[in-house]
Amino acid sequence: MIFQRALRRELISTAGAVFTTLFTIIVTVMLIKILGQAAGGQIASQDVVALIGFQSLNYMPVLLILTGYVSVLLVVTRSYQDSEMVVWFASGQSLVRWVRPVLEFGLPIIVLTAILSFVATPWANSQSAQYRERFEKREDISRVSPGKFQESAAANRIFFVEGVSGDSTKVKNVFVNTQQDGKNSIVVAKEGNLEIDKNGDKFLILSKGRRYDVLSGKNEFRQMEFERYGVLVASNSQAENGDRSAQALPTADLLKDRNGFNLGELLWRLSLPLMALCLMLLAIPLSFVNPRVGRSASLLIALLLYVSYSNVTSIFQAAVVQGRLSFLLAWWPMHLIVLIVVGLLFMWRLNVNSRWHPLVMWSAIKHARLLKVKNSNRNSTKKSAAA
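Thresholds applied
Residues numbered from 1 in each chain as written. Predicted model: local features only at pLDDT ≥ 70, side-chain atom pairs only at ≥ 80, totals over all residues. Heavy atoms only, no water. Bend = angle between axes of the 7 residues up to and from the residue. Helix = DSSP H or I, 4+ residues; strand = E, 2+ residues; numbered from the N terminus. Contact = heavy atoms within 4.5 Å. Pairing = 2+ DSSP bridges. Core = buried A, V, L, I, M, F, W, Y, C linked by side-chain atoms within 4.5 Å. Buried < 20%, exposed > 50% of the residue type's maximum accessible area, 1.4 Å probe, protein only. Axes fitted to C-alpha atoms, helices over the stretch in contact; angles between N-to-C directions. Left-handed = near helix turned anticlockwise from the far one by under 90°. Nonpolar A, V, L, I, M, F, W, Y, C, P; charged D, E, K, R; others polar. Phe/Tyr/Trp six-rings, centres within 6.5 Å; stacked < 30°, edge-to-face > 60°. Salt bridge = Lys/Arg side-chain N within 4 Å of Asp/Glu carboxyl O. Parallel < 35°, antiparallel > 145°, perpendicular 65-115°, else oblique.

When the local axis directions of helix α2 (residues 48–81) are compared, the greatest deviation, roughly 45 degrees, occurs at M60, which is followed within four positions by the proline P61. Phi for S83, located one or two positions after α2, is positive at around 60 degrees.

This is the structure:
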């Protein structure tokens, strides 16, 4: 119990440091990227904080997996380097006894990863897409800068205004060029303002102007004057539906509509908590290092194994999306292979620590020979001194 409490305390403190480091790196990268998008006019500046939060939730399952994996790896590696494992094995304890405290430490990480993967991440992706779509579908009048030609969100209309009022709802000296259904329309008006009808549609109401219509492919030209004319700038039917891709769909919707994309996304969500479990178990036998040698090699191997594991999971996901594998045949092989590797590594480490293992026997024989040589040298020295 003393060992388990100390190990659990060390794992939690190491996990806190690892998570803080990884989260800081991810947030910094996202902040630079999202601020660049805001500066380029791709997203609204007031949505930057919200989008960073949504992207953080999106990356959180992977961060938790890496936190658990690296924490177990660092703690067990330190035990080898500080020769604590020598005392552990000399006391008759097995490496398998590390599994229980590691699982007790990793169970909250696995559960939280599953909740984030199945619930929080799809919601965050949907909300992020809604924010971006709302910015793209904002009313065209709010996109207009006085004295500049500006294209509409649908890329079928060009605006030019000479002046805009402080609340951006009234404009003066308006020019609107619209191309739709093979017809080119040009509207010129002295002023206009933004209004919303009972259906929620937004119109730019122009006053005291003219409209010119030109039909493509026909020698027809039409001119009319008006006192009041409405231009649709945002339809209520274009509501913020958000991203309806598989990544933004709730898990229940993925189960209802079992097409290739949805099954591939379901495989990825199911794989994340399983990866967290398998990697923490893999870190126990993988953490062996020689106390006289650095641990860089073992950490590099552990990193390569994680990258390979993640890439193989992505390959199986792509196979399900493309219809080359069924979901039932694709979700489990990579995890089973990792568990088999974990079992083989445990068997190898247990045999190495056994007193009958050839390496241990060879080391004992070598040590006995060295002691015999030292004793013979000591005896010869005593005889020389006596003579």
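Read on for the rest.
A word on the environment of L7. By the secondary structure assignment, L7 is in helix α1 (residues 2–39). The spatial distance from the C-alpha of L7 to the C-alpha of W98 is 9.1 Å, given a sequence separation of 91 residues. Setting aside residues up to four positions removed in sequence, L7 forms contacts with V75, W98 and P101.

What follows covers the pairing of strand β4 (residues 183–196). With 10 bridges connecting them, strand β3 (residues 170–180) and β4 associate as antiparallel partners. Directly across from T178, in β4, lies its bridge partner S185.

Ranked by size, the top nonpolar core spans 54 residues in total, and within it Y69, V72, W98 and I284 carry the most contacts. The set of elements that each furnish at least two residues to this core consists of α1, α2, α3 (84–90), α4 (99–136), α6 (260–286), α7 (296–321), α8 (327–330) and α9 (333–353). When residues in this core are grouped by element, the largest group, 14 residues, is from α6. Residues in contact with V72, not counting those within four places in the same chain, are L11, V102, F105, M280, A283, I284 and S287. Formed by 11 residues, the second largest nonpolar core is a distinct cluster that contains F159, V171, A189 and L204.

The residue L305 is located in helix α7 in this model. Residue classification places L305 among the partly exposed positions, given a relative accessible area of 34%. Here the alpha-carbon distance between L305 and V338, two residues 33 residues apart in the chain, equals 9.7 Å. Non-local contacts of L305, meaning those with residues more than four positions away in its chain, are made with Y69, L282 and L286.

Running from N to C, α1 and α2 point in directions that differ by 145 degrees, and their axes come no closer than 7 Å. In terms of crossing hand, the pair formed by α1 and α2 is right-handed. Tallied by class, residues from the contact of α1 with α2 come to 26 nonpolar, five polar and two charged.

With that settled, consider the packing of aromatic side chains. For any two aromatic rings, the description comes down to two numbers: the centre-to-centre distance and the angle of the planes. Throughout the structure, instances matching the rule amount to six aromatic pairs. With a centroid separation of 5.1 Å and 90 degrees between ring planes, the pair formed by Y80 and F288 is classed as edge-to-face. Taken together, the residues span a long stretch of sequence, with Y80 in helix α2 and F288 in the loop between α6 and α7 at a distance of 208 residues. Three or more aromatic residues joined by ring pairs make a cluster, and in this case those are F54, W123 and Y131.

Another aspect to go through is the pattern of salt bridges. What the rule picks out here adds up to eight salt bridges. Among the salt bridges present, the one from R8 reaches E104, with a minimum N-O distance of 2.7 Å. In this pair, R8 sits in helix α1 while E104 sits in helix α4, placing the two residues 96 residues apart along the sequence. Of the residues examined, E104 reaches a relative accessible area of 32% and is grouped as partly exposed. Residues D213 and R222 are paired through a salt bridge, measuring 3.1 Å at the closest nitrogen-oxygen approach. One continuous salt-bridge network, built from bridges that share partners, spans R8, R100 and E104.

Looking now at the side chain of N177. With respect to the secondary-structure elements, N177 resides in strand β3. The residues contacting N177, other than those within four sequence positions of it, are N156, R157, I158, N184, S185 and I186.

Looking now at the packing of α2 against α6. For any two helices packed against each other, one specifies the crossing angle of their axes together with the interaxial distance. Contact pair α2 / α6: the axes reach a minimum separation of 8 Å and the direction vectors enclose 10 degrees. Overall, the two elements α2 and α6 adopt an arrangement that is roughly parallel. Here the hand of the crossing between α2 and α6 comes out right-handed. For the pair formed by α2 and α6, the contact residues are P61, I65, G68, Y69, V72, L73 and V76 on the first element and L272, M275, A276, L279, M280, L282, A283, I284 and L286 on the second. Counted by class, the contact of α2 with α6 contains 15 nonpolar, one polar and no charged residues.

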